[in-house]
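Residue-level structural notes
The residues making up each chain are set out below.
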Amino acid sequence: MADTQIDLVSNAKLSSMATMEKIRYIIDETKKGKILVLENGLLPEEETKLIEMTMSEIDSQEAKYTGIEVQSYPSKQSSSIISKLFNRSTKGRMTIIGPASSLHTIKKDANIISEIIR
Amino acid sequence: MNMFTKVKDRISKTIQGLFSRKNSCIGIYGSPNAGKTTLGNRILSDCDIDEEFGSTSHIAHETRRAKKHESVNINTDNGSLKLDIVDTPGLATKIDFNDFMEEDMDEETAKSRAKEATEGVVEAVKWLDDLTGIVLVMDATEDPYTQINVTVIGNIEARHIPMLIVANKCDRSDASPDKIKEAFPQHPIVSISALEGTNMDELYSEIARRFR
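Residues numbered from 1 in each chain as written. Chains lettered and ligands numbered in written order. Predicted model: local features only at pLDDT ≥ 70, side-chain atom pairs only at ≥ 80, totals over all residues. Heavy atoms only, no water.

A negative phi holds for most residues other than glycine; trans holds for most peptide bonds. All names here are of chain B. Notably, Ser71 is not glycine yet its phi reads approximately 50°, a positive angle. Counting through the fold element by element, Ser71 comes out in strand 2 (residues 67–76). A residue is classified by how much of its surface remains accessible, and Ser71, at 38% relative accessible area, is partly exposed. The backbone of Asn199 shows a phi angle near 65°, a positive value even though the residue is not glycine. Within the secondary structure, Asn199 is located in the loop between strand 6 (189–191) and helix 7 (200–211). Given the relative accessible area of 32%, Asn199 is considered partly exposed. (Helix = DSSP H or I, 4+ residues; strand = E, 2+ residues; numbered from the N terminus. Buried < 20%, exposed > 50% of the residue type's maximum accessible area, 1.4 Å probe, protein only.)

Have a look at this one:
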């Protein structure tokens, strides 16, 4: 089995990027076969943008790129009034993203996400 | 979107809501094969509408185009409610035509279905911007912690629009709607069988309560 690179991506790196930069970075890296673990995940609207962009990149003729496997814990809502006032009540959580062809989820519950690489 | 734009957008939507007579527009969302189109068809049939949203199949991505039905009149014990309903293609993060070939499709059909399925997912995501409420359908025989469920719920919470979770396929002996309730305790959940039409009255009452 070929080696698989796993990159742990800090929140500092991701938060310095604009939404489209983040999405492009994730898609490009997973297309290279890398698995990314994002320290704080993505915002909900970034997650849907990632799904949208991934779909447009899927190769439905040759199946060279079939999309991504992505898993994160359910979002946590912040109870702070300040966060709610500024519409920032949903926090991103640690997220694993990899190519659908090699990263597979075997089990997921509220506290544990089990993945295998093959 | 900056703070000023957000506030402007919200005020504009509130004013539009006060003065327009538009129906609420709700979207039926979920993973492929959760039973979204079966639910949509059941709602139309219960509302005496002699049409269907589309065909259903055990093969994923049978619905590959969003379909809207306007002015669906839902009757409940507490009066009636007129809604526009959008049945959306199943959301997914991966689509491989080889999976369709395993369902005995020829290669050309499988590739065409895969291409249409990717377009359908994009369409479903885009519809999120134009809805006033979401019915999220989950297969009660499956693990509820799928990333699609997590992503849709995160999105709806961030958008502050009402949502109702439907635990579908409760006619099956392996259904476990309690797992869904445990996973997402902060949201209202109704257990049904869209296929058999079980517990639809409770669903309609909840729809009226959430989306009026």
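We are not done yet, so read on.
The volume enclosed by the second largest pocket comes to roughly 1100 Å³. What lines the second largest pocket is a set of 38 residues, among which B:Ser31, B:Pro32, B:Lys94, B:Glu142 and B:Thr146 lie closest to the centre. Elements represented by at least two residues in the lining of the second largest pocket include exactly strand 3 (68–72) and strand 7 (103–108) of chain A together with helix 3 (97–101), strand 4 (133–139) and helix 5 (147–159) of chain B. Element by element, the count of residues in the lining of the second largest pocket is highest for strand 7 of chain A, at 4 residues. A class-by-class count of the residues in the lining of the second largest pocket yields 16 nonpolar, 11 polar and 11 charged. (1 Å grid on protein atoms, 1.4 Å probe; cavity = no way out; pocket = protein on both sides within 12 Å on 5 of 7 lines; lining within 4 Å. Points joined across faces, edges and corners; volume = space filled by probe spheres on them. Nonpolar A, V, L, I, M, F, W, Y, C, P; charged D, E, K, R; others polar.)

Attention shifts here to the sheet that holds strand 6 of chain B. All names here are of chain B. The 6 strands are arranged 2-3-1-4-5-6 in an open sheet whose pairing can be described as mixed. Of all strands in the sheet, those bounded by a partner on one side alone are strand 2 and strand 6. Here the average twist between neighbouring strands, direction ignored, is 30°. The pairing of strand 1 (residues 24–30) with strand 3 (residues 79–87) spans 5 bridges and is parallel. Note that in strand 3 the partner of Gly27 across the bridge is Val86. Each of strand 1, strand 2, strand 3, strand 4, strand 5 (163–168) and strand 6 touches helix 7; the most contacted strand, strand 5, lies at about 165° to it. (Pairing = 2+ DSSP bridges. Axes fitted to C-alpha atoms, helices over the stretch in contact; angles between N-to-C directions. Contact = heavy atoms within 4.5 Å.)

Turning next to the sheet that holds strand 3 of chain A. Residues and elements named next belong to chain A. Across the sheet, which stays open at both edges, the 4 strands sit in the order 1-2-6-3 with mixed pairing between neighbours. In this open sheet, the two strands that pair with only one neighbour each are strand 1 (6–9) and strand 3. Neighbour-to-neighbour, the strand axes of the sheet open up by a mean angle of 15°, direction not taken into account.

For the rest of this paragraph, the subject is the environment of B:Ser173. Residues and elements named next belong to chain B. Position of Ser173 among the secondary structure elements: in the loop between strand 5 and helix 6 (177–183). What makes Ser173 exposed here is its relative accessible area of 80%. Sequence-wise, Ser173 and Thr141 are 32 residues apart; in three dimensions their C-alpha atoms are separated by 8.5 Å.

Residues and elements named next belong to chain B. With 41 residues, the main nonpolar core has Tyr29, Leu91, Ile95, Ile134, Leu136, Ile165 and Ile180 as its most contacted residues. Sorting elements by how many residues they give to this core places helix 4 (residues 107–127) first, with 7 residues. Ranked by size, the runner-up nonpolar core spans 26 residues in total, among them Ile26, Leu83, Leu164 and Met200. (Core = buried A, V, L, I, M, F, W, Y, C linked by side-chain atoms within 4.5 Å.)

All names here are of chain A. Along the chain, the position of Thr95 falls in strand 6 (residues 95–99). Taking the relative accessible area as the measure of exposure, Thr95 reaches 4% and is therefore buried. Here the side chain of Thr95 touches Arg93 through a polar contact of 2.7 Å, landing on its backbone oxygen. Ignoring anything within four residues of it in the chain, the contact list for Thr95 reads Leu36, Val37, Leu38, Gly41, Leu42, Val70, Gln71 and Ser72. (Polar contact = N/O pair within 3.5 Å; in protein donor to acceptor, adjacent residues only side chain to side chain.)

Everything listed here is a matter of coordinates, which is why it stays silent on function.
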